Structures are given as structure tokens and as C-alpha cells.
Amino acid sequence: MATPAEVVTGGFEPYVVGSAGRAAGLVRPAFVPDHPDRPDTIVDGIVVNGSAGAPAATVRAASVRGLSHRAYATVRQDDYALRVTPDGRYLVLCVADGVSAAPLSHLAACWAAQEGTKQLVRLLATTPPADLGWTEFIGYVATVIVDWAGKTIAELDADPVAVARKMSAALSFAVVDLAPTGAGNTVHLMTIGDTSGWIIGQDGYWFPLQPVKNAGADIYSSAVSALPALTQPPAPPVTAVLGPGEVLVVMTDGVGDPLGDGSGVVGEFLARAWREPPPELAFAAQISFTRRTFDDDRTAVAVWPVTPAS
């Protein structure tokens, strides 16, 4: 029994950015009977040790089912994966966004994230990130989706287009060098579709590592190129340096669309919340903020490198 001196602190209230809209107050997350093994929300909060065994980076990750999927008792289609190479040199991560129009896209997202990051770890054992064959790697991930679909779903054969009608995923893979140079930690990013990678600067400014979705477009487009059947060639991989005090964030468009170019109220809110690594459950709550008209699944992985003591 608690003594009078013992006090319970803490509490929780969902985050709202701007207007919540009516749906936020009406939707109750519905159980998905067809996929009882697929959680509504997954969360990770870890510290990654580098080659010398000392902490090299703090990581927060979460994937949260969106209001639309909760309302209609449909499965969370986003996913993510995290791995570290056995020597502690590289952090490998993926965020995956299952394409809503294909009913089994959560499978493509899961398989691509897990098997893709495994393959990157295998490749990094003998090949530095700058020399990775990203075109061949993307082909490997597409083959994984097609092969696993053929083994899992009886009516599917080895035709990527046929598989894509059932399952498809947009993806971002990142390799973070945990051994910093004088400038910081080098990041290699490969993006397929409308997932995205960003660096938050010390001043809270969001720097995109690829063109911002629909930036400057007169007509908003939701079309997306995704694996296993790309509708257009992928953009080349990007290399950037994560400087001291900066944060890498890789996300699906459930977060990216309300973020926009990072200059608005959502960008200000998240940059302020992520100035330092938040508690892992707070991170999940922050990416699942409510904002009118944005009801997609939300997934993000954020990396705060540990600045070496001078």
C-alpha cells in the first residue's frame, strides 16, 4: 500500500495539430478479424552501440494504424525494420508504406522491410555503403515480394504486375554510418515512391533528402510508384551528412503529407518535440497526432547520433 509520501505523476492526452475534425472524436479502433496477428500499433525505443561498444545513436520508431483503417476494421499497411551490422558500424533501417489500393499490401510492406534490411546487412559485410549496387538491391526486394506472394497466395504466379494488384509497397531504406567523421554521420538513403527522408537541423528547419511530394504542383496527385512493379525508374540514392545536434527522420506519407515542406505548424510541432529523443510511447503518440483530413497510417523512424565527447 502506498505511503502518503508517494506520488504518482504523469498523464496522457492525444496530440492535436490545428483542427481535429469530427472523425477523431467518433472513430473507435475496430478489431481486424482477418488479421488478428497484425497489431494496431508497434513501437521501439533503443540505444545503438557502435563498433567500440559505446552508445552511438538513439532510435525511436513507431507505426500506427490510421483513423480510416481503424474506422473500417482494416489492417495497418505500414511497417518498418531496424538492424545493426554485426561489427556495430552501420545502422540499417526501412520504412514501408503498403499501397491502399492493393488489399494485401501490408504483406509486401512487411516482407520488403524485413528481408530488405537483412540483405543490406549481408551486403555491408563486404561492401561499403557508397559502393552498394542499389539498382540490383531494389530488384532483389521486388523479387522477394513476388516469390513470397507466390508461396503464400495460391492463385498468384511469378508475374510482378499480377502480384502488384494484390500487394505493393513504397519504401525508404537508410544506412547510417555510426562512426562519425569531423562533419558528422554519413547517411545513405534510397527511396521508392512517396516515403521520404529528412534531416531536422539544430534550428528546427526540415531539410528534405528528396523532392517534396506535390511541392509546387497545381493539382495534387496521390499516384505512387511502388514495388514489385515500378511505374517509373527510382530516383538515385542520396548521400548526406547528419551533423552534430541534427536528427534523421524517415517516414511514410501518413506523416509526410501533413508535414508538407516542414515549414508549417506540423513541422514546428515535431521539430520541437524531437529536439531530444522523447520517450518511445510519446514518439508514437506524436506521429499519430490528429489533424483534419489526414487519416492514413503513420510510420516514422528517427535517429539521434550521439555526439562524441571532445
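Residues numbered from 1 in each chain as written. Predicted model: local features only at pLDDT ≥ 70, side-chain atom pairs only at ≥ 80, totals over all residues. Heavy atoms only, no water.

### Description of the overall build of the chain
And step 1. Each helix and strand in the chain was counted, giving 8 helices and 11 strands.
And step 2. Principal axes of the C-alpha set define a box for the chain whose edges measure 65 × 50 × 50 Å.
And step 3. Relative to its full complement of 310 residues, the chain shows a buried share of 46%.
And step 4. Relative to all contacts within the chain whose residues are 6 or more apart in sequence, the contacts with residues 24 or more apart total 70%.
And step 5. By element, 56% of the accessible surface of the chain is carried by carbon and sulfur atoms, the whole surface being about 14,900 Å².
And step 6. On the chain, the mean spot of the 20 positive side-chain charges and the mean spot of the 31 negative ones are 5 Å from each other. (Helix = DSSP H or I, 4+ residues; strand = E, 2+ residues; numbered from the N terminus. Buried < 20%, exposed > 50% of the residue type's maximum accessible area, 1.4 Å probe, protein only. Contact = heavy atoms within 4.5 Å. Areas by Shrake-Rupley, 256 points an atom, 1.4 Å probe, with all protein chains shown as cover. Lys, Arg positive; Asp, Glu negative; His and termini not counted. Charge placed at Lys NZ, Arg CZ, Asp CG, Glu CD.)

### Overview of the sheet that holds strand 2 (residues 55-64)
And step 1. Spatially, 1-2-11-10-7-8 is the arrangement adopted by the 6 strands of the open sheet, whose pairing is antiparallel. Each having just a single partner strand, strand 1 (41-49) and strand 8 (206-208) make up the two edges of the open sheet. Between one strand axis and the next, the sheet turns by 20° as a mean value, whatever way the strands run.
And step 2. Across 9 bridges, the pairing between strand 1 and strand 2 is antiparallel. Note that in strand 2 the partner of glycine 45 across the bridge is arginine 60. (Pairing = 2+ DSSP bridges. Axes fitted to C-alpha atoms, helices over the stretch in contact; angles between N-to-C directions.)

### Describing the packing of aromatic side chains
And step 1. Inspection of the entire model under this criterion finds 8 aromatic pairs.
And step 2. An angle of 90° between the planes, with centres 5.6 Å apart, marks the rings of tryptophan 134 and phenylalanine 137 as edge-to-face. In this pair, tryptophan 134 and phenylalanine 137 both sit in helix 4 (residues 134-152), 3 residues apart, roughly one turn of the helix.
And step 3. The class of tryptophan 134 is buried, set by a relative accessible area of 7%.
And step 4. Here phenylalanine 269 and phenylalanine 289 contribute two aromatic rings whose centre-to-centre distance is 6.1 Å and whose plane-to-plane angle is 80°, an arrangement assigned as edge-to-face. Taken together, the residues phenylalanine 269 in helix 7 (residues 265-273) and phenylalanine 289 in the loop between helix 8 (280-287) and strand 11 (298-305) connect sequence positions 20 residues apart.
And step 5. Classification of phenylalanine 289 by relative accessible area gives buried; the value is 1%.
And step 6. The rings of Trp198, Trp206, Trp274 and Phe283 are connected pair by pair, giving a single aromatic cluster. (Phe/Tyr/Trp six-rings, centres within 6.5 Å; stacked < 30°, edge-to-face > 60°.)

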